[in-house]
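Chain by chain, the residues run as shown.
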Amino acid sequence: MGERRGGAGTARRSRRRRLSVVGVLGEIFITAGVFTLLFLGWQLWLNDIIVGNEMRDQSEHQSALWQGNASTAEEDPSPPTPDEPPVADKPGSSGEVFALMIVPRFGKNFYTPIAEGVGTTQVLNRGEIGHYPTSSLPGEVGNFAVAAHRTSFGKPFNNIANLRVGDHIYIETADGWYQYGFRNLEYVRPTGVGVLLPVPQNDGATPGDRILTMTSCNPLFSAAERIIAYSVYETFYPRTEGPPAEIAGTVLVGD
Amino acid sequence: MYGALWRILPGPWWVRVLILAVVVAALLFVCVQWVFPALDLMIAPTDSTVES
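Residues numbered from 1 in each chain as written. Chains lettered and ligands numbered in written order. Predicted model: local features only at pLDDT ≥ 70, side-chain atom pairs only at ≥ 80, totals over all residues. Heavy atoms only, no water.

Our next topic: the confidence of the model for chain A. Mean pLDDT over chain A works out to 89, with 90% of the residues at or above the 70 mark. Low confidence marks residues 1-9 of chain A, where pLDDT is under 50. Its contacts with residues over four positions away, or in another chain, come to four contacts. (pLDDT = per-residue confidence, 0-100. Contact = heavy atoms within 4.5 Å.)

If the charged atoms of two oppositely charged side chains come close together, the side chains can form a pair. Residue and element names in this part refer to chain A. Evaluation of the coordinates by the stated rule reveals six salt bridges over all chains. Between Arg 126 and Glu 128 there is a salt bridge, with its nearest N and O atoms 3.2 Å apart. The buried category is assigned to Glu 128, whose relative accessible area is 1%. With a shortest N-O distance of 2.8 Å, Arg 239 and Glu 172 are connected by a salt bridge. Residue Arg 239 is found in the segment after β8 (225-238), and its partner Glu 172 is found in strand β5 (residues 168-172); the two are separated by 67 residues along the sequence. Summarising the burial analysis for this pair, Arg 239 and Glu 172 share the class buried. (Salt bridge = Lys/Arg side-chain N within 4 Å of Asp/Glu carboxyl O. Buried < 20%, exposed > 50% of the residue type's maximum accessible area, 1.4 Å probe, protein only. Helix = DSSP H or I, 4+ residues; strand = E, 2+ residues; numbered from the N terminus.)

Below, the discussion takes up the packing of aromatic side chains. Scanning the model with the defined rule gives ten aromatic pairs over all chains in all. Taken together, the ring pairs in this structure connect Phe35(A), Phe39(A), Trp42(A) and Phe36(B) into an aromatic cluster. The ring of Trp177(A) is capped by Arg239(A), whose NZ or CZ atom sits 4.8 Å from the centre of that ring. Directly above the aromatic system of Trp6(B) lies the positively charged group of Arg16(B), at a separation of 5.4 Å from the ring centroid. (Phe/Tyr/Trp six-rings, centres within 6.5 Å; stacked < 30°, edge-to-face > 60°. Lys NZ or Arg CZ within 6 Å of the ring centre and 35° of its normal.)

It is worth spelling out the environment of Asp203(A) at this point. Residues and elements named next belong to chain A. As for its placement among the helices and strands, Asp 203 is situated in the loop between β6 (176-188) and β7 (210-218). Among the residues examined, Asp 203 registers a relative accessible area of 66% and is labelled exposed. Separated by 115 residues in the primary sequence, Asp 203 and Ala 88 place their C-alpha atoms 24 Å from one another.

Rendered as structure tokens:
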């Protein structure tokens, strides 16, 4: 450190001090830039992976719990048929996880809990899917409506616009797996509550189908509109008979 | 700012690097744990539900 010695070093230090206002300002700007990039990396990539894995772990845990209960339960005297599936139990309190969603189109790792209520801090911002409390339940004639984030907070419904007609959406409950077939997308204003009606957008009509309605924000990274995905109930797989082959790679039960 | 910080830190260069690494790791942890989630709530669209 030769430059520390003598007059040359003092001059250098004083020159540094004179530059320091601009220098410090520049360093603050660079720091702010790095902070912003770190935040974006976290928001758009890292946190979604972390939350997605958390949701997957939570789902696997819940599924194993149901599987354990089912193996000790008594034989059902009147087993459900695909035409008359069991109706899921009404969740006791808001925030309670009562179902899981599996969508092969969203990837093999998509395995996300559905909790009661659509509160942002209580359900949606945790990365879970929220059930509109006034809507029907899985297996019930009417409209089973859920909401989830499309960007950030684990972005469960990030690929909602990539669904294709006929894609299967599975809802897992304590009883087994409900299979829904995707039918169509709709775009509505944030106040478009008609999508939650027992027969969507048809007030007063008598429901005959079992509909699954998924709502999320649209366009990506905006809350100007809502994207709606409608699916119709197709069949039911009782827990005792195991999950359908299509989702055997996602649901790991009975090992 | 960072130059001054480097001069204030004691010890040989590798001790300073070690101290800075620990400080940076702590700052990153605070950001990921508390600062970023709070910022996210302010910035990200949190509305994915329909309501009247």
